[in-house]
Amino acid sequence: MKKKVLLMGASGSGKTSMRSLIFSNNPASLTARLGATIDVEQNHVRFLGDLILNLWDCGGQDAFMDSYLTTQRSTIFQHVGVMIYVFDIESQGMNKDLEYYRDCLEGLKQYSPEAAVFLLVHKMDLAREPKNVVFEKKKRELEEASGEGAVTVFGTSIYDESLYKAWSSIVHTLIPNASVLSRHLTTFAAACSATEVVLFERTTFLVIATSSPVTPPSLPGATAEQTDLDRHELNPTRYERTSELVKAFKHSCSRVREEFHSLEMELYDFTAVLDEMTRNTYVLVIVHDPTIETAALKLNIRMARRKFE
Ligand code: GTP
C-alpha cells in the first residue's frame, strides 16, 4: 500500500533539510550545504510491512510552483494522502506564500479531496519573541487562510525534537492499523510489567505506535513527592526526544563505522531496552520494577517478534 505525501512550501523554507534529517539520518549542521531542489525529488520509505511512504519533495522556486499549479497539476495533486506545507517563520513574503498555499489547497481539493493537510511553522529556533506567542499568532493566520478545511499546525525546527513530534503525528495518520498495534503493544507491556512500550520505524525513528498511557497509580497515602516523580517519568516530550537522541547516536555510530543494533540502560529508577522488533521497527520497553531483568525483556521481545512481523 503506497501513500503519497506532498512536501511543499516556498524555496528556502527548509523542506529538503527536514527530509534529509528524518529520512537520511543527516545531522542538522550539514543542511546549510543543500542546494535548491529542482522540480520534484521522490523518496520511498518502507514502513510497517507493506506500507510504503512515497514522499514528493517539491522544489519551491516560483517557476516550479507555477508549473505544479498548471501543466503538472493533475500529476502533483492526484492520489495524495497527506500534504505538508512548510512556512518559514522568517519569511519576507508571507502574502505570496499564502497565495501559493491557497492555490495548492485548491489543487488538492480538486484531485484529492480526502487528503489530510499539515502546516509546519518552521525554523522556530529563529523566533525573536517568546516561541508560544509567535506560534499562536502564525497558527491563527494560517487557519484563517485555510478556509473551512481542517488543518493541523505544528511549530518545528531542525535543531530540536519538535520536528520528530510533527512527523510522527503525520505518519501516524497514514498507518491503517494503528489502533490494533497500540492494543498489541499494551498487551505486550502488561506481559513485561512495563510502564510503557513504544514502537519506532527503523530508518526514521518516528513513533509508529505506543502502548496505552498508564495512569500513575494514585496509591492511598502517596506523598506529593511521589506524584511529582510519576509526572516526571512520563514527560510529555519523551517520544520525540527519544527519536532525536537515538538518531544522533546512530549517526555517531556510523561515523566510527559501527552499526547500531540495540541499547540497554539500567538507571537508578528504571530500565530501558531498545531492540529490533521486526524488519522495519524497533521497540523500546520502559520498566520501573527493579526486579525485572533486562535479559527477560529481551527474551520477551524475541518471542513477540513473530506476532508483530
Ligand atoms: P527549495 O529546495 O528551494 O524548495 O528549498 P527548501 O525548502 O528545500 O530549503 P532547504 O531545506 O534547502 O533549506 C534552506 C536553508 O534553511 C538551509 O540553509 C537550512 O540549513 C536552513 N534551515 C532548515 N531548517 C531550519 C531550521 O529549523 N532552523 C534554521 N535556523 N534554519 C533551517
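Structure first, text after, so check above.
Quick caveat: nothing in here was measured; it's all calculated off a predicted structure.

The rules we used
Residues numbered from 1 in each chain as written. Predicted model: local features only at pLDDT ≥ 70, side-chain atom pairs only at ≥ 80, totals over all residues. Heavy atoms only, no water. Helix = DSSP H or I, 4+ residues; strand = E, 2+ residues; numbered from the N terminus. Rg over C-alpha atoms; globule rule 2.2 N^0.38 Å. Buried < 20%, exposed > 50% of the residue type's maximum accessible area, 1.4 Å probe, protein only. Patch = residues over 30% accessible without salt bridge, like charges linked within 9 Å, V, L, I, M, F, W, Y side chains within 5 Å. Areas by Shrake-Rupley, 256 points an atom, 1.4 Å probe, with all protein chains shown as cover. Salt bridge = Lys/Arg side-chain N within 4 Å of Asp/Glu carboxyl O. Axes fitted to C-alpha atoms, helices over the stretch in contact; angles between N-to-C directions. Parallel < 35°, antiparallel > 145°, perpendicular 65-115°, else oblique. Left-handed = near helix turned anticlockwise from the far one by under 90°. Contact = heavy atoms within 4.5 Å. Nonpolar A, V, L, I, M, F, W, Y, C, P; charged D, E, K, R; others polar. Pairing = 2+ DSSP bridges.

## Points about the overall build of the chain
In terms of regular secondary structure, the chain is built from 10 helices and 11 strands. Here the chain has a C-alpha radius of gyration of 21 Å; the compact-globule value for 309 residues is 19 Å, and the two agree. Counting only C-alpha atoms, the chain reaches 65 × 40 × 40 Å along its principal axes. The burial tally for the chain puts 47% of its 309 residues in the buried class.

## Focus: a nonpolar patch on the surface
Together, Met-265, Leu-267 and Tyr-268 make up a nonpolar patch on the protein surface, roughly 380 Å² of accessible area in all. Note that Leu-267 resides in the loop between β9 (263-266) and β10 (271-278). Classification of Leu-267 by relative accessible area gives partly exposed; the value is 45%.

## Quick look at the packing of helix α7 (residues 178-191) against helix α10 (residues 294-308)
Running from N to C, α7 and α10 cross one another at 160°; their axes reach a closest spacing of 12 Å. Taken together, the axes of α7 and α10 lie roughly antiparallel to each other. Handedness of the crossing formed by α7 with α10: right-handed. Touching Leu-181, His-184, Leu-185, Phe-188 and Ala-191 of α7 are Asn-300, Ile-301, Ala-304, Lys-307 and Phe-308, all from α10. Of the residues contributing to the contact of α7 with α10, the split by class is 7 nonpolar, 2 polar and 1 charged.

## Topic: the environment of Lys-250
Position of Lys-250 relative to the elements: it lies in helix α9 (residues 238-255). A relative accessible area of 17% means that Lys-250 is categorised as buried. Not counting residues within four places of it along the chain, the set of residues in contact with Lys-250 comprises Asn-25, Arg-202, Thr-203, Phe-205 and Phe-260.

## So, the sheet that holds strand β5 (residues 116-122)
Pairing is mixed in the open sheet, where 6 strands are placed in the order β2-β3-β1-β4-β5-β6. Unpaired on one side and paired on the other, β2 (40-46) and β6 (151-155) mark the two borders of the sheet. With direction set aside, neighbouring strand axes in the sheet form an average angle of 20°. Pairing of strand β4 (residues 80-88) with β5, which is carried by 7 bridges, proceeds in the parallel orientation. Following the sheet pairing, Asp-88 is matched in β5 by His-122. Relative to the sheet, helix α6 (residues 162-174) contacts β1 (2-9), β3 (52-58), β4, β5 and β6, its axis offset from that of β4 by approximately 160°.

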